[in-house]
Amino acid sequence: MALFGVPVKDEQQAQNAVYAALAMHDELNIINQELAKKQLPVIGLGIGINSAAVVAGNMGSETRLNYTVIGDGVNLSSRLEGLSKYYGADVLVSETTKRLCPDIVFQEIDTVRVKGKTQGMTIYQPLGDKSSMSPEQLKRSALFQQMLNLYKQQQWHAALAILDQLTHEYPKVLCYQVYQQRVTKWLDKGIDPAWDGVFNHLEK
(Lines give C-alpha, C1' and ligand atoms only; values in the text may rest on other atoms or scores of the structure.)
Protein backbone atom coordinates (compact mmCIF):
# COMPACT_ATOMS: atom_id res chain seq x y z
CA MET A 1 0.00 0.00 0.00
CA ALA A 2 1.26 3.46 -0.92
CA LEU A 3 0.05 6.65 0.76
CA PHE A 4 -0.19 10.11 -0.80
CA GLY A 5 -1.01 13.22 1.23
CA VAL A 6 0.19 11.90 4.60
CA PRO A 7 2.20 12.60 6.65
CA VAL A 8 3.22 15.48 4.34
CA LYS A 9 0.30 17.41 2.85
CA ASP A 10 0.12 17.24 -0.94
CA GLU A 11 -2.41 19.36 -2.83
CA GLN A 12 -1.97 17.15 -5.90
CA GLN A 13 -2.08 13.85 -4.07
CA ALA A 14 -4.73 12.23 -6.29
CA GLN A 15 -3.00 13.12 -9.56
CA ASN A 16 0.40 12.16 -8.17
CA ALA A 17 -0.96 8.77 -7.14
CA VAL A 18 -2.37 8.13 -10.61
CA TYR A 19 0.81 9.32 -12.34
CA ALA A 20 2.84 7.03 -10.07
CA ALA A 21 0.62 4.07 -10.96
CA LEU A 22 0.96 4.76 -14.68
CA ALA A 23 4.74 5.12 -14.33
CA MET A 24 4.90 1.78 -12.49
CA HIS A 25 3.23 0.08 -15.43
CA ASP A 26 5.56 1.77 -17.92
CA GLU A 27 8.49 0.31 -16.00
CA LEU A 28 6.77 -3.06 -15.72
CA ASN A 29 6.40 -3.20 -19.50
CA ILE A 30 10.16 -2.76 -19.84
CA ILE A 31 10.78 -5.50 -17.27
CA ASN A 32 8.35 -7.86 -19.01
CA GLN A 33 10.08 -7.31 -22.35
CA GLU A 34 13.34 -8.43 -20.76
CA LEU A 35 11.65 -11.42 -19.15
CA ALA A 36 10.09 -12.43 -22.47
CA LYS A 37 13.52 -12.35 -24.15
CA LYS A 38 14.71 -14.81 -21.50
CA GLN A 39 11.58 -16.95 -22.03
CA LEU A 40 10.49 -16.29 -18.45
CA PRO A 41 6.91 -15.66 -17.27
CA VAL A 42 5.83 -12.03 -17.39
CA ILE A 43 4.60 -10.18 -14.29
CA GLY A 44 1.10 -8.80 -13.85
CA LEU A 45 0.23 -5.84 -11.63
CA GLY A 46 -3.15 -4.44 -10.67
CA ILE A 47 -3.54 -1.13 -8.83
CA GLY A 48 -6.59 0.39 -7.14
CA ILE A 49 -6.69 4.07 -6.15
CA ASN A 50 -9.22 5.87 -3.99
CA SER A 51 -9.23 9.34 -2.41
CA ALA A 52 -10.89 9.69 1.00
CA ALA A 53 -10.56 10.98 4.54
CA VAL A 54 -8.92 8.24 6.59
CA VAL A 55 -7.28 7.72 9.98
CA ALA A 56 -3.48 7.91 9.72
CA GLY A 57 -0.82 7.26 12.31
CA ASN A 58 1.43 4.74 14.01
CA MET A 59 -0.52 1.56 14.67
CA GLY A 60 0.37 -1.76 16.20
CA SER A 61 1.93 -2.77 19.49
CA GLU A 62 4.75 -1.46 21.66
CA THR A 63 7.16 -3.89 20.03
CA ARG A 64 6.08 -3.30 16.44
CA LEU A 65 4.62 -0.09 15.07
CA ASN A 66 3.70 0.72 11.50
CA TYR A 67 2.70 4.09 10.03
CA THR A 68 -0.42 3.33 8.04
CA VAL A 69 -4.01 4.36 7.34
CA ILE A 70 -7.31 2.66 8.10
CA GLY A 71 -10.89 3.38 7.16
CA ASP A 72 -13.59 2.69 4.61
CA GLY A 73 -11.66 4.57 1.94
CA VAL A 74 -8.74 2.17 2.32
CA ASN A 75 -11.04 -0.82 1.94
CA LEU A 76 -12.47 0.63 -1.25
CA SER A 77 -9.03 1.00 -2.84
CA SER A 78 -8.42 -2.66 -2.03
CA ARG A 79 -11.67 -3.62 -3.76
CA LEU A 80 -10.63 -1.63 -6.83
CA GLU A 81 -7.29 -3.41 -6.91
CA GLY A 82 -9.13 -6.73 -6.87
CA LEU A 83 -11.41 -5.68 -9.75
CA SER A 84 -8.47 -4.70 -11.95
CA LYS A 85 -7.88 -8.36 -12.81
CA TYR A 86 -11.53 -8.96 -13.70
CA TYR A 87 -11.57 -6.10 -16.22
CA GLY A 88 -7.98 -6.53 -17.39
CA ALA A 89 -7.28 -2.92 -16.39
CA ASP A 90 -3.81 -2.02 -15.11
CA VAL A 91 -5.22 0.71 -12.85
CA LEU A 92 -8.72 1.40 -11.57
CA VAL A 93 -9.77 4.52 -9.66
CA SER A 94 -12.88 5.69 -7.88
CA GLU A 95 -15.02 8.57 -9.06
CA THR A 96 -13.65 10.67 -6.19
CA THR A 97 -10.09 10.26 -7.44
CA LYS A 98 -11.12 10.92 -11.03
CA ARG A 99 -12.68 14.27 -10.10
CA LEU A 100 -9.41 15.36 -8.49
CA CYS A 101 -7.32 14.68 -11.62
CA PRO A 102 -8.15 17.38 -14.22
CA ASP A 103 -4.99 16.75 -16.25
CA ILE A 104 -5.59 13.04 -16.82
CA VAL A 105 -7.88 11.31 -19.34
CA PHE A 106 -10.02 8.53 -17.88
CA GLN A 107 -12.11 5.79 -19.45
CA GLU A 108 -15.32 4.87 -17.66
CA ILE A 109 -15.24 1.12 -17.08
CA ASP A 110 -18.39 0.12 -15.20
CA THR A 111 -20.84 0.94 -12.45
CA VAL A 112 -20.44 -1.68 -9.75
CA ARG A 113 -21.60 -2.70 -6.32
CA VAL A 114 -18.68 -4.22 -4.40
CA LYS A 115 -18.85 -6.62 -1.47
CA GLY A 116 -19.93 -4.83 1.69
CA LYS A 117 -21.59 -1.93 -0.17
CA THR A 118 -25.21 -1.27 -1.06
CA GLN A 119 -24.64 1.74 -3.32
CA GLY A 120 -23.34 1.42 -6.86
CA MET A 121 -20.21 3.34 -7.82
CA THR A 122 -18.69 4.19 -11.18
CA ILE A 123 -15.09 3.11 -11.70
CA TYR A 124 -12.56 4.44 -14.20
CA GLN A 125 -9.29 3.52 -15.86
CA PRO A 126 -6.68 6.28 -16.33
CA LEU A 127 -5.43 6.37 -19.92
CA GLY A 128 -2.72 9.00 -19.58
CA ASP A 129 -1.97 12.70 -19.48
CA LYS A 130 -4.22 14.85 -21.66
CA SER A 131 -1.21 16.22 -23.53
CA SER A 132 -0.01 12.75 -24.54
CA MET A 133 -3.23 11.19 -25.86
CA SER A 134 -3.21 10.13 -29.52
CA PRO A 135 -6.22 10.57 -31.84
CA GLU A 136 -6.57 6.78 -32.01
CA GLN A 137 -6.72 6.48 -28.22
CA LEU A 138 -9.35 9.21 -27.97
CA LYS A 139 -11.42 7.66 -30.78
CA ARG A 140 -11.26 4.23 -29.17
CA SER A 141 -12.24 5.66 -25.78
CA ALA A 142 -15.18 7.54 -27.29
CA LEU A 143 -16.39 4.39 -29.05
CA PHE A 144 -16.32 2.40 -25.82
CA GLN A 145 -18.18 5.22 -24.04
CA GLN A 146 -20.82 5.12 -26.77
CA MET A 147 -21.20 1.39 -26.14
CA LEU A 148 -21.56 2.00 -22.39
CA ASN A 149 -24.33 4.54 -22.99
CA LEU A 150 -26.22 2.03 -25.13
CA TYR A 151 -25.60 -0.67 -22.51
CA LYS A 152 -27.13 1.49 -19.77
CA GLN A 153 -30.18 2.05 -21.99
CA GLN A 154 -30.47 -1.75 -22.52
CA GLN A 155 -29.99 -1.33 -26.26
CA TRP A 156 -28.28 -4.70 -26.42
CA HIS A 157 -28.01 -5.20 -30.18
CA ALA A 158 -26.51 -1.76 -30.80
CA ALA A 159 -24.08 -2.19 -27.90
CA LEU A 160 -23.04 -5.62 -29.14
CA ALA A 161 -22.35 -4.28 -32.63
CA ILE A 162 -19.80 -1.84 -31.18
CA LEU A 163 -18.31 -4.53 -28.96
CA ASP A 164 -17.87 -6.83 -31.95
CA GLN A 165 -15.97 -4.03 -33.68
CA LEU A 166 -13.79 -3.36 -30.64
CA THR A 167 -12.97 -7.01 -29.99
CA HIS A 168 -12.11 -7.47 -33.67
CA GLU A 169 -9.72 -4.50 -33.67
CA TYR A 170 -8.35 -5.12 -30.15
CA PRO A 171 -8.72 -8.87 -29.47
CA LYS A 172 -6.47 -8.83 -26.39
CA VAL A 173 -8.47 -6.26 -24.40
CA LEU A 174 -10.20 -8.25 -21.66
CA CYS A 175 -12.72 -5.53 -20.76
CA TYR A 176 -14.25 -5.68 -24.25
CA GLN A 177 -14.60 -9.45 -23.95
CA VAL A 178 -16.25 -9.11 -20.53
CA TYR A 179 -18.92 -6.80 -21.92
CA GLN A 180 -19.36 -8.88 -25.06
CA GLN A 181 -20.19 -11.94 -22.95
CA ARG A 182 -22.38 -9.91 -20.58
CA VAL A 183 -24.43 -8.28 -23.36
CA THR A 184 -24.83 -11.57 -25.24
CA LYS A 185 -26.50 -13.05 -22.14
CA TRP A 186 -28.90 -10.08 -21.98
CA LEU A 187 -30.02 -10.35 -25.61
CA ASP A 188 -32.67 -12.98 -24.96
CA LYS A 189 -33.91 -11.29 -21.78
CA GLY A 190 -35.01 -8.07 -23.44
CA ILE A 191 -35.58 -4.94 -21.35
CA ASP A 192 -35.84 -5.21 -17.58
CA PRO A 193 -37.58 -2.16 -16.03
CA ALA A 194 -36.05 -2.98 -12.65
CA TRP A 195 -32.47 -3.10 -13.94
CA ASP A 196 -30.31 -0.26 -12.60
CA GLY A 197 -27.23 -0.89 -14.74
CA VAL A 198 -25.13 -1.80 -11.68
CA PHE A 199 -23.05 -4.96 -11.82
CA ASN A 200 -22.69 -6.80 -8.52
CA HIS A 201 -19.26 -8.09 -7.53
CA LEU A 202 -19.84 -10.42 -4.61
CA GLU A 203 -16.22 -11.42 -4.03
CA LYS A 204 -13.33 -9.32 -2.71
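Residues numbered from 1 in each chain as written. Predicted model: local features only at pLDDT ≥ 70, side-chain atom pairs only at ≥ 80, totals over all residues. Heavy atoms only, no water.

Draft legend 1. Structural context of the overall build of the protein. A count of helical and extended segments in the protein gives six helices and seven strands. Going from the N terminus to the C terminus, the protein shows its helices and strands as α-β-β-β-α-β-α-β-β-α-α-α-β. Overall size of the protein, expressed as C-alpha extent along the three principal axes, is 60 × 45 × 35 Å. The buried share among the 204 residues of the protein stands at 39%. Split by element, the accessible area of the protein, about 12500 Å² in all, is 52% carbon and sulfur. If you average the places of the 20 positive and of the 21 negative side-chain charges in the protein, the two averages end up 4 Å apart. (Helix = DSSP H or I, 4+ residues; strand = E, 2+ residues; numbered from the N terminus. Buried < 20%, exposed > 50% of the residue type's maximum accessible area, 1.4 Å probe, protein only. Areas by Shrake-Rupley, 256 points an atom, 1.4 Å probe, with all protein chains shown as cover. Lys, Arg positive; Asp, Glu negative; His and termini not counted. Charge placed at Lys NZ, Arg CZ, Asp CG, Glu CD.)

Draft legend 2. Layout of the packing of helix α4 (residues 135-152) against helix α6 (residues 174-186). Taken N-terminus to C-terminus, the directions of α4 and α6 make an angle of 25°; their axes are 12 Å apart at the nearest point. Here α4 lies roughly parallel to α6, going by the angle between them. As α4 packs across α6, the resulting crossing turns out to be left-handed. From α4, Arg140, Phe144, Met147, Leu148 and Tyr151 reach across to α6, where they touch Cys175, Tyr176, Tyr179, Arg182 and Val183. The residue inventory of the contact of α4 with α6, partitioned by class, reads eight nonpolar, no polar and two charged. (Axes fitted to C-alpha atoms, helices over the stretch in contact; angles between N-to-C directions. Parallel < 35°, antiparallel > 145°, perpendicular 65-115°, else oblique. Left-handed = near helix turned anticlockwise from the far one by under 90°. Contact = heavy atoms within 4.5 Å. Nonpolar A, V, L, I, M, F, W, Y, C, P; charged D, E, K, R; others polar.)

Draft legend 3. Representation of the pairing of strand β4 (residues 91-94). The two faces of β4 match: Val91 and Val93 on one face and Leu92 and Ser94 on the other face are all buried. Of the pairings in the sheet, the one linking strand β1 (residues 47-49) to β4 comprises three bridges and is parallel in character. Each residue of the ladder has a partner; that of glycine 48, found in β4, is leucine 92. In terms of strand pairing, β4 meets strand β6 (residues 121-129) through two bridges, oriented antiparallel. (Pairing = 2+ DSSP bridges.)

Draft legend 4. Broad picture of the packing of aromatic side chains. For the structure on display, the rule yields 11 aromatic pairs. Plain terms: the ring middles of tyrosine 151 and tryptophan 156 are 5.7 Å apart, the flat faces sit at 70° to each other, and that makes the pair edge-to-face. Residues tyrosine 151 and tyrosine 179 carry aromatic rings whose centres are separated by 5.2 Å and whose planes lie at 90° to one another, so their mutual orientation is edge-to-face. Of this pair, tyrosine 151 sits in helix α4 while tyrosine 179 is found in helix α6, placing the two residues 28 residues apart along the sequence. When its relative accessible area of 3% is taken as the criterion, tyrosine 151 is described as buried. Ring pairs connect the aromatic residues Phe144, Tyr151, Trp156, Tyr170, Tyr176, Tyr179, Trp186 and Trp195, which therefore count as one cluster. Arginine 182 extends its terminal NZ or CZ atom over the ring of tyrosine 179, reaching a point 4.7 Å from the ring centre. Sitting over the ring of phenylalanine 199, arginine 182 keeps its end group 3.9 Å from the ring centre. (Phe/Tyr/Trp six-rings, centres within 6.5 Å; stacked < 30°, edge-to-face > 60°. Lys NZ or Arg CZ within 6 Å of the ring centre and 35° of its normal.)

Draft legend 5. Structural view of α4. With 18 residues, α4 extends 26 Å from end C-alpha to end C-alpha; this agrees with the ideal 26 Å at 1.5 Å per step. Where α4 is concerned, the buried positions are Ser141, Leu143, Phe144, Met147, Leu148, Leu150 and Tyr151. Tucked inside the fold, the buried residues of α4 contact β5 (104-113), β6, α5 (156-169) and α6. Looking one or two places after α4, you find glutamine 154, whose phi comes out positive at around 60°. (Expected span 1.5 Å × (residues − 1).)

Draft legend 6. Geometry of the pattern of salt bridges. Scanning all chains against the criterion turns up five salt bridges. Two residues, glutamate 34 and lysine 37, come together in a salt bridge whose shortest N-O distance is 3.7 Å. Here glutamate 34 and its partner lysine 37 are both found in helix α1 (residues 13-37), three residues apart, which amounts to about one turn of the helix. For glutamate 34, a relative accessible area of 37% puts it in the partly exposed group. (Salt bridge = Lys/Arg side-chain N within 4 Å of Asp/Glu carboxyl O.)

Draft legend 7. Examining α6 more closely. The end-to-end C-alpha separation of α6 is 19 Å, in line with the 18 Å expected for 13 residues at 1.5 Å each. All buried positions along α6 are accounted for by Cys175, Tyr176, Val178, Tyr179, Arg182, Val183 and Trp186. Relative to the axis of α6, the buried residues are bounded by an arc of 155° and lie together on one face. In this structure, α6 carries Gln181 and Lys185 as exposed residues pointing more than 90 degrees from its buried face. Buried residues in α6 make contact with α2 (72-87), β5, α4, α5 and β7 (199-200). (Arc of directions from axis to C-beta.)

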